[in-house]
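# Summary of the model geometry
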Amino acid sequence: MVCVLYGSQTGCAQEVAEYIEDEMKRMSLPTSISSLDDYDVRKLPFEDLVVFVVSTTGQGDMPSNMQKFWKFLLRKNLSPTSLQGRKMAVFGLGDSSYVKFNFAAKKLYRRLLALGAHMIIDRGDGDDQHPIGLDGALDPWLKKLWDAMIGFGMLSSDALSNASKPSPPRYTVH
């Protein structure tokens with residue numbers, strides 16, 4: 001099971017997370033999605049793969065629907081092996097015109113590593129200033145994610161080719 005978790009202030013990170021979840025469903029991957037504060041953080045050490053999508057708000061702040069989750073991760077009594085061997089990936093959304101560009105994703109990435117998580121790919125840094133927006137970083141990052149998942153045996157090449165087919169409609173109009 002792949003768990004997609006997002007921290008979003010204005011809904012942009014949620015949209016990206018839902019896009020990733022849709023892509024995974026098209027590849028027939030069992031997937032769940034949740035905002036970080038709605039997620040039961042006690043499940044984190046037992047997930048097969050967790051994909052985080054987080055935006056930075058204000059001057060390097062965590063989004064409001066990530067506050068409880070982040071506070072939990074900062075607890076001093078968490079062991080440096082709490083997430084030992086857990087596969088994870090982090091994609092941040094930000095704007096490089098700000099001094100603290102993608103600060104929330106950078107902090108989350110470092111904290112997960114400090115707790116023993118195994119990052120299957122490097123952190124992705126989406127930038128609103130890119131000529132094609134966030135997709136300028138998201139598309140290559142997702143390709144790396146799919147390749148890593150194939151390498152870990154979590155995804156087959158055949159399933160990946162299914163992703164190029166159009167998604168089934170969410171709604172039917174009669």
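Structure's up top.
The sections below set out a description of the structure shown in this document. (Residues numbered from 1 in each chain as written. Predicted model: local features only at pLDDT ≥ 70, side-chain atom pairs only at ≥ 80, totals over all residues. Heavy atoms only, no water.)

Turning our eyes to something else, we now look at the packing of helix α1 (residues 12-26) against helix α4 (residues 135-151). Interaxial distance between α1 and α4 falls to 13 Å at its minimum, and their mutual angle equals 40°. Judged by the angle between their axes, α1 and α4 are oblique. Relative to α4, α1 is oriented so that their crossing is right-handed. Contact residues: V16, Y19, I20, E23 and M24 in α1; L138, W141, L142, L145, W146 and M149 in α4. Among the residues forming the contact of α1 with α4, the class breakdown is ten nonpolar, no polar and one charged. (Axes fitted to C-alpha atoms, helices over the stretch in contact; angles between N-to-C directions. Helix = DSSP H or I, 4+ residues; strand = E, 2+ residues; numbered from the N terminus. Parallel < 35°, antiparallel > 145°, perpendicular 65-115°, else oblique. Left-handed = near helix turned anticlockwise from the far one by under 90°. Contact = heavy atoms within 4.5 Å. Nonpolar A, V, L, I, M, F, W, Y, C, P; charged D, E, K, R; others polar.)

Here the focus is unusual backbone geometry. With phi around 65°, S28 is a residue other than glycine that occupies positive phi space. Residue position: S28 is located in the loop between α1 and β2 (31-35). Phi is positive for N102, which is not a glycine, with a value near 55°. As for its placement among the helices and strands, N102 is situated in the loop between β4 (87-94) and α3 (103-114). Since its relative accessible area comes to 1%, N102 is described here as buried. (Buried < 20%, exposed > 50% of the residue type's maximum accessible area, 1.4 Å probe, protein only.)

Looking now at the pattern of salt bridges. What the rule picks out here adds up to five salt bridges. Across the salt bridge formed by D125 and R123, the nearest N and O atoms sit 2.9 Å from each other. Relative accessible area serves as the criterion here: at 25%, D125 is assigned to the partly exposed category. The partner of D147 in a salt bridge is K143, with the nearest N and O atoms 3.0 Å apart. Residue D147 and its partner K143 are located together in helix α4, separated by four residues, close to a single helical turn. Note on D147: relative accessible area 39%, which makes it partly exposed. (Salt bridge = Lys/Arg side-chain N within 4 Å of Asp/Glu carboxyl O.)

Take it as geometry only, folks, not as evidence of what the structure does.
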